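Geometric and topological summary
Below are the chains, spelled out letter by letter.
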Amino acid sequence: MIQELKKFIEQLSEQEAKSLLLQHFLQIQLLEKKSYTESEFTENMKKKYQELLQYSSKQKQQPYHTIHIVFGDSTAGSLKIALPSDEKVIRFSDLFSIGPVNQLHTEEGLKQRKKWLFLHINLDEETTHTYIEEFIQTLSEIKAIPEHIPIYIWTANNAHEQIGARFVLQILKEKKNDIRLLNISTAFQHLWPNIIPVHTGELGHDKLNRIYKTYKNEQPLTEQLRNKLAEEWGKLSKTTEVLRIWKDDQIKSVPENYFDTFIIEQLRYLHNKQTKPDFMKSARLIGEVLGSSEQYVGDAFFEYRVRELILQGIFEIEGVPKAMRFYSVKLKGVF
């Protein structure tokens, strides 16, 4: 059993492993805050362990009769646990709200996107090296879906997943599959109206499972709506901006420095909480920005903008900005 579990964990992607680890840490945090008892914590950990074993065993089962397409490794990891064994998850390990999407469906567009990400976003070496290969592999998997298999595209009210959904619908434009959009933002308005997740990757497998069971039998997208969303991708693929947000139920391209003022305000807010304003880890600032933003552009983009604010002389730096944990920042002139 130990060897089998070890083998399964080794097969997880880095992001899937991080997602599982984050969920465990969040449970520990809740325990420390007395949100539930130690016995409840223990039972919950045992439950997650059993689910992991079940997921490991069902990986070998074929064939699939349903396909789910998601945008992010965290979402993919949770959804794989939530679904029956004969339903497959295909994921894009990317963040479509940032970086160029101009002609992304072409080889040249993909190369330009990789170049921008390499020049501006702190990605690990393996991700940079395999980016195009993995993207093309995902495209191939989607194009190879047999036309009798129903497809679910998971999305939410953010630019990243809305762009991803339109991109996929363009890829599937000539396919005859039944295609359904599962919008978790809409689902939460009915199932958990007091909670507003920014993106699907925030959800655990239990909520994903509940949403799927509740909405899996909704009517497929009409041909008219499929064509409309695919045409919207066509317009997006002609844009040259590198940042997009979700506003007024639409994807909107905005200037690259759109969040800079917001980031500065968050740092000033954190300085005001200090006894004596001083340097603080950039990770602390970026965490505050992430927690306060209603948009989903990812911590790596915010970290890129922090580095730009340093270059502009608005922030001072202490340390080396090779990753957010290695350096600290403060507003220039704050003592």
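What comes next is a walk through the structure. (Residues numbered from 1 in each chain as written. Predicted model: local features only at pLDDT ≥ 70, side-chain atom pairs only at ≥ 80, totals over all residues. Heavy atoms only, no water.)

**Digging into the pattern of salt bridges**
Threshold: One side-chain nitrogen of Lys or Arg within 4 Å of one carboxyl oxygen of Asp or Glu is enough to make a salt bridge. Labels follow the DSSP assignment, with helices taken as runs of H or I lasting at least four residues and strands as runs of E lasting at least two, numbered in each case from the N terminus. Only protein chains enter the accessibility calculation, which uses a 1.4 Å probe; a residue whose area is less than 20% of its type maximum is buried, one above 50% is exposed, and one in between is partly exposed.
Applying the stated criterion across every chain, the model contains 11 salt bridges. Here E107 and K111 are joined by a salt bridge, their closest N and O atoms 3.4 Å apart. Of this pair, E107 and K111 both sit in helix α5 (residues 107–120), separated by four residues, roughly a single helical turn. Judged by relative accessible area, K111 falls into the partly exposed class, the value being 41%. For E232, the salt bridge is made with K228, and the minimal N-O distance between the two is 2.6 Å. You can see E232 and its partner K228 sitting in helix α10 (residues 223–236), four residues apart, about one turn around the helix. By relative accessible area, E232 is classed as partly exposed at 23%.

**Considering the sheet that holds strand β7 (residues 280–281)**
Heads up, the rule is: The pairing criterion for strands is at least two bridges between them, as found by DSSP. We call two residues in contact when some of their heavy atoms are within 4.5 Å. Angles here are taken between N-to-C directions and fall from 0 to 180 degrees, while the axes themselves are lines fitted to C-alpha atoms, restricted in helices to the stretch in contact.
Ordered in space as β7-β9-β8, the three strands form an open sheet in which the pairing is antiparallel. Each edge of the sheet is formed by a strand with only one pairing partner; in this case those strands are β7 and β8 (315–319). Alignment of β7 against strand β9 (residues 327–331), held across two bridges, turns out to be antiparallel. Residue pairing in the sheet places K281 in a bridge with S328 of β9. Each of β7, β8 and β9 is contacted by helix α11 (residues 260–273), which is oriented at about 90° to β9, the strand it contacts most.

**Remarks on unusual backbone geometry**
One non-glycine residue, D248, lies in positive phi territory at about 55°. With a relative accessible area of 59%, D248 lands in the exposed category. Even without glycine at this site, D249 takes up a positive phi of about 60°. Considering the arrangement of structural elements, one finds D249 in the loop between β5 (244–247) and β6 (250–253).

The values are spatial; any link to function lies outside them.
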